[in-house]
Amino acid sequence: MSTQTSKTKDKSTTLDSKLVKRFTIYLVAFGLLPLFLIFALLFFQPEDSMPSVAMLDNPPELLASVVYADDAETELGRFWKINRTSVKYNEISPYVIEALISTEDERFLEHSGVDFKAVGRAVLNAGSAGGASTITQQLAKLLFTLQKRDKNSGVSSTLSESSYRLLRLLGRVNEKAKENIIASRLEKRYTKEEIITMYLNQFDFLYNAVGIENASRVYYNKAPKDLTKDEAAMLVGMCKNPGLFNPHTFQVKNYRRSIALTKGIDMSAVPESEILERRASDSLRAAQRRNQVLYQWLKNSDKKNPAIKNTLTRAEYDELKMKPIATNYQKVDHKEGVAPYFRESIRAELTRLFAETKDDGSLKYARPDGEAWNIYNDGLKIYTTINYSMQTYAEAAVERHIKNYLQPAFDKNNRGLKNFPFSNSVSSETVENILRSARRNSARFHQAKEQGKTDEEINKEFDIPAQMSVFSWSGEIDTILT
C-alpha cells in the first residue's frame, strides 16, 4: 500500500514538473515573441521596401527657390511648395547643436545610428524614462517613413476600429525597424556633422518655417548662426512637438473662438478670465519645454559630455530659465516682399522656359536626372536686375498716393452706396454671388472641408463674428467681424 502511494506521488510530481516546465517554455516563448518579430523585421526586411542607395546618397529635399535683387544678395521673395532652404553646419549656431544633442541624443557621437543603451532603458521603463530614437533615426523618419505614411494614409478607412488599430500598431513597429536600418546606412554614408545638419534642415517648425534657417528668420528675424542660447533651446524644444511647444501660437491664437466652438456657446459669452487662463497655460508650456532643454544642456555640461563643446553653467541656466518667452515673428507668404508683380512675371516666364523642348522633343533646360526644373521644389537661385532701393521708393510713392488721395476719394464717392463698396448698379444677387465665391475660395473654407464639415455648417461659421485683422493704408485694424 505504501509503495503504491509512493508511486502515485512520484507520477503526480513528475506530471506537475512537466506542466511547470511546459508552462515556462510557453511563457518564455510568448515573452520573446516581440523580440523574434523585431529580429525578423530587422534582418528580413525586403530591399524593395527600403530607399535605394541612390536615394540615400541624395536624400529627397523640396527646397524653396529664392529671387535676388541686382546685388545678388538682397532677397526679393521666394517660390515654394515647402518653405525650406538648406544651410551648412558652420552657418548654424553651435548652441543649437549643443541643445539638440543634450536633449535628443546624448550619445550621438558614440552610436552608429541606433542607441541600444537607450533602447534597453526605454523597454525596461515602458517609455516613461524617455524615448530611444537617435537624431539619425529621426532623420530617417523625416526623410523616408513619414513621406511613405502620407502616401498610404486613408488605406485602412474601410476596416473596423480594432483591426485598424492593430494594423496601425504593426505598421509603426515595421516603420521603427526600417528607421533602424536606414539610420545605420545613413551613418555609413555621412559624417555626424552632415547628419545633424540634414536633420535641422529637414524639420518643420510650422508657420511656413521648414528647416533651421527659416525657423530662425520666422521666429527671431535673424540668421541661424546668430541665435542665442535661450533661442536655440526654444527651437530645439519645438522638435518634440512644434504645435504643442510653439512660442508664437499663444500670442496670436483666437482663444475666444476656440473656447466658443468647444463649448458650443456664443463668442460674446466667453469670459475674459478663461481666455487669459488658456493663453497663460500655453505660454507656460512653451517656457517649461525651453527650460527642460536648458536643464538637459546643463546636465550634460556637468557630466562633461564630449559631444558638448559649448557648455552651460548653473548661473546661465538660472538666468535663462527666468526669461519670458519672446519672439520677433516674421510672416512668410508668397505675396509678401518687394516687387510682387515682377516676381509673378518671373514665375510665368520660368514656367514657360522650363517647358521648352528641342527639335528631338527633349527639354532645353533639364535637371541632371532629365526631369524639368521646378521653381517650387528645386531650390533655384534667381538673379534679377531689380534695384531693391529704387523699387522700395517706387512702392512707397504709390502707397502714399493711394493712401492720401485715391482711397479718400473712393470712400467719399461711394459713401452712399447701399452695398458698399459695390456700385448701386450691381444687383444684390451679384453681390451675394461674389461673396459666396470669395468664401468658397478661402483657406478657411478648404480647411473646414478637410475636417468633414458641410457647406451649411461652414457658412454658419462664417456668420459668427470673429476677431480678425483687416487691411487699411494706415496699418492693420484689429476688429470683430463676420
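Heads up: the structure comes first, above all this text.
Structure report, in brief. (Residues numbered from 1 in each chain as written. Predicted model: local features only at pLDDT ≥ 70, side-chain atom pairs only at ≥ 80, totals over all residues. Heavy atoms only, no water.)

### Some points on the pattern of salt bridges
Then, in step 1: A full pass over the atoms with the stated rule returns 22 salt bridges.
Then, in step 2: Between K263 and E274 there is a salt bridge, with its nearest N and O atoms 2.9 Å apart. On the criterion of sequence distance, the pair formed by K263 in helix α11 (residues 255-263) and E274 in helix α12 (residues 272-302) is long-range, its members being 11 residues apart.
Then, in step 3: On the accessibility criterion, K263 (48% relative accessible area) is partly exposed.
Then, in step 4: Residues E432 and R439 are paired through a salt bridge, measuring 3.1 Å at the closest nitrogen-oxygen approach.
Then, in step 5: One network of salt bridges, with partners in common, ties together E75, R78, E213 and R217. (Salt bridge = Lys/Arg side-chain N within 4 Å of Asp/Glu carboxyl O. Helix = DSSP H or I, 4+ residues; strand = E, 2+ residues; numbered from the N terminus. Buried < 20%, exposed > 50% of the residue type's maximum accessible area, 1.4 Å probe, protein only.)

### Quick notes on the packing of α11 against α12
Then, in step 1: Where α11 meets α12, the axes come as close as 10 Å, and the angle between the chain directions of the two elements is 105 degrees. By the angle class used here, α11 and α12 are roughly perpendicular. Residues Y255, R256, S258, I259 and K263 of α11 pack against E272, E274, I275, R278, R279 and D282 of α12.
Then, in step 2: When the residues that make up the contact of α11 with α12 are grouped by side-chain class, the tally is 3 nonpolar, 1 polar and 7 charged. (Axes fitted to C-alpha atoms, helices over the stretch in contact; angles between N-to-C directions. Parallel < 35°, antiparallel > 145°, perpendicular 65-115°, else oblique. Contact = heavy atoms within 4.5 Å. Nonpolar A, V, L, I, M, F, W, Y, C, P; charged D, E, K, R; others polar.)

### What about the packing of helix α17 (residues 443-450) against helix α18 (residues 455-462)?
A pair of packed helices is characterised by two quantities: the angle between their axes and the separation of those axes.
Then, in step 1: Relative to each other, α17 and α18 sit at 140 degrees, their axes nearing to 10 Å. Taken together, the axes of α17 and α18 are oblique relative to one another. Seen from above, α17 lies across α18 with right-handed handedness. For the pair α17 and α18, the contacting residues are R444, F445, A448 and K449 in the first and D455, I458, E461 and F462 in the second.
Then, in step 2: Partitioning the contact of α17 with α18 into residue classes produces 4 nonpolar, no polar and 4 charged. (Left-handed = near helix turned anticlockwise from the far one by under 90°.)

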